[in-house]
Amino acid sequence: MEACISRGENLTKILRLLAVQSFCGNGIKQKVLDFYKREIVQTYGYEHMLTLNVLERCGLIRVSGSYGWSGRSYSMISNRLKLTWNVPGGAASGSSNASTASSSPDTGHVHHGYTPLSVRVVQHLDQFGFRSLSDLLTRHLIGQDVPIFDETQQLPAALRKRRNSDTTSLQSAAEMNQKLVLVFFLGGCTFAEISSFRFLSHKDGVNSDFIIATTSIINGNTFLQALTDIKISNRP
């Protein structure tokens, strides 16, 4: 972090690294956070005091042990939902390992070993039902009581897939029972999340097709710029 700031790299990159460190480390120590703030303000301009304040109010940057965040541990969420896993051969694997990884449809291959949180939540809800994650959502993600609603909504007969009466193959039965899941993102989603859902729909044991609806397509840069409403660029 200090090296990137001293080189005057793009502030967007600095803020993204700061947010990732805060999230994965369950907060940043007050002394370290104050040091980062001072370095950013002195290097990129005092106007970015507002930028840092907005990120703190949104919870993207926070002090470790802050009130209301003590139970929201990334390591706990990652272990519970299996967000990360080791790819055979590692990042520097040869062509044979890379070919094996790409031929195995799994959501983690989009990020070479990391599955987006949104995809894992939808996968658990689709396979095990809403109540299987109620405790996790209440204690570590949402932070409040989770509303109860009907888990399954029956489609009208006109919208159901017609089954060929001349065949009784297992494939046709699976197609008839295949579910259609609509995932709606408020605020936007990334192309990586869409790709992960595409892998998920082809994974063994998943009998669902996913339709993605979103208010916008975002990435780390556009997400930060939308929050701060400040043009973030390299300092001359």
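Data block above holds the structure.
So, a few notes on the structure that sits alongside this text. Note that the structure is a prediction, hence the values are computed from the model and not measured.

## Re the overall build of the protein chain
Step number 1: The number of helices and strands found in the protein chain is eleven helices and two strands.
Step number 2: Listed by position from the N terminus, the elements making up the protein chain come as α-α-α-α-α-α-α-α-α-β-α-β-α.
Step number 3: Scored against the burial criterion, the 236 residues of the protein chain give a buried share of 33%.
Step number 4: Once local pairs closer than 6 in sequence are excluded, the contacts in the protein chain between residues at least 24 apart make up 69%.
Step number 5: Carbon and sulfur atoms make up 54% of the accessible area of the protein chain, which amounts to about 14900 Å² in all.

## Describing the pairing of strand 2 (residues 208-214)
Step number 1: The sheet contact formed by strand 1 (residues 179-185) and strand 2 spans seven bridges and is parallel. Counterpart to Phe185 in the pairing with strand 2 is Thr214.
Step number 2: Running through helix 10 (residues 191-201), the crossover from strand 1 to the neighbouring parallel element strand 2 is right-handed.

## So, unusual backbone geometry
Step number 1: Phi angles above zero are rare outside glycine, and Asn26 is one such case at about 55°.
Step number 2: If you trace the backbone, Asn26 turns up in the loop between helix 2 (11-24) and helix 3 (30-44).
Step number 3: Residue class for Asn26 comes out partly exposed when judged on its relative accessible area of 22%.
Step number 4: One non-glycine residue with positive phi stands out, namely Lys82, at about 55°.

## Brief notes about the nonpolar core
Step number 1: The biggest cluster of nonpolar side chains holds 18 residues, and the ones touching the most others in it are Ile14, Leu15, Leu18, Ile40 and Leu52.
Step number 2: Contributions of two or more residues to this core are made by helix 1 (2-6), helix 2, helix 3 and helix 4 (48-57).
Step number 3: Per-element tally for this core: the top contributor is helix 3, with five residues.
Step number 4: Contacts of Leu18, omitting those with residues within four sequence positions, involve Met1, Ile28, Tyr36, Ile40, Leu52 and Ile61.
Step number 5: Judged by nonpolar contacts, the second largest core, of ten residues, contains Val122, Phe185, Cys189 and Val206.

## Concerning the packing of aromatic side chains
Step number 1: Under the criterion given, the structure shown has three aromatic pairs.
Step number 2: Each ring, one from Phe185 and one from Phe197, has its centre 6.4 Å from the other, and the planes form 70°; the classification is edge-to-face. In this pair, Phe185 is assigned in strand 1 and Phe197 in helix 10, connecting sequence segments twelve residues apart. We note that Phe185, like Phe197, is buried.
Step number 3: Consider the rings of Phe197 and Phe210, whose centres lie 5.5 Å apart with planes at 45°: the pair is tilted. Here Phe197 is found in helix 10, whereas its partner Phe210 is found in strand 2, with 13 residues between them in sequence.
Step number 4: Using a relative accessible area of 2% as the deciding quantity, one classes Phe197 as buried.
Step number 5: An aromatic cluster is present here, built from Phe185, Phe197 and Phe210 joined pairwise through their rings.

## Points about the pattern of salt bridges
Step number 1: This model, assessed by the stated rule, comprises four salt bridges.
Step number 2: Close ionic contact of Glu56 with Lys37 constitutes a salt bridge, the shortest N to O distance being 2.8 Å. Here the residue Glu56 occupies a position in helix 4, and Lys37 occupies one in helix 3, the gap between them amounting to 19 residues.
Step number 3: Salt bridges sharing partners connect three or more residues here, namely Arg7, Glu9 and Lys13.

## A few points about helix 5 (residues 74-81)
Step number 1: Among all positions in helix 5, only Tyr74, Ile77, Ser78 and Leu81 are buried. All buried residues of helix 5 project into a common sector of 100° when viewed along the axis, lining one side.
Step number 2: Phi turns positive, to about 55°, at Lys82, one or two residues after helix 5.

## Notes on the packing of helix 2 against helix 4
Step number 1: Following both chains from N to C, one finds helix 2 and helix 4 inclined at 30°, their axes separated by 12 Å at the closest point. When the axes of helix 2 and helix 4 are compared, the pair comes out roughly parallel. Judged by the sense of rotation from one axis to the other, the crossing of helix 2 with helix 4 is right-handed. In this structure, helix 2 uses Leu11, Leu15 and Leu18 to contact helix 4, whose residues at the interface are His48, Thr51, Leu52 and Leu55.
Step number 2: Classifying every residue of the contact of helix 2 with helix 4 by side-chain character gives five nonpolar, two polar and no charged.

Here is what the cut-offs are and how they apply
- Residues numbered from 1 in each chain as written.
- Predicted model: local features only at pLDDT ≥ 70, side-chain atom pairs only at ≥ 80, totals over all residues.
- Heavy atoms only, no water.
- Helix = DSSP H or I, 4+ residues; strand = E, 2+ residues; numbered from the N terminus.
- Buried < 20%, exposed > 50% of the residue type's maximum accessible area, 1.4 Å probe, protein only.
- Contact = heavy atoms within 4.5 Å.
- Areas by Shrake-Rupley, 256 points an atom, 1.4 Å probe, with all protein chains shown as cover.
- Pairing = 2+ DSSP bridges.
- Right-handed = clockwise from strand over helix to strand, strands pointing away.
- Core = buried A, V, L, I, M, F, W, Y, C linked by side-chain atoms within 4.5 Å.
- Phe/Tyr/Trp six-rings, centres within 6.5 Å; stacked < 30°, edge-to-face > 60°.
- Salt bridge = Lys/Arg side-chain N within 4 Å of Asp/Glu carboxyl O.
- Arc of directions from axis to C-beta.
- Axes fitted to C-alpha atoms, helices over the stretch in contact; angles between N-to-C directions.
- Parallel < 35°, antiparallel > 145°, perpendicular 65-115°, else oblique.
- Left-handed = near helix turned anticlockwise from the far one by under 90°.
- Nonpolar A, V, L, I, M, F, W, Y, C, P; charged D, E, K, R; others polar.

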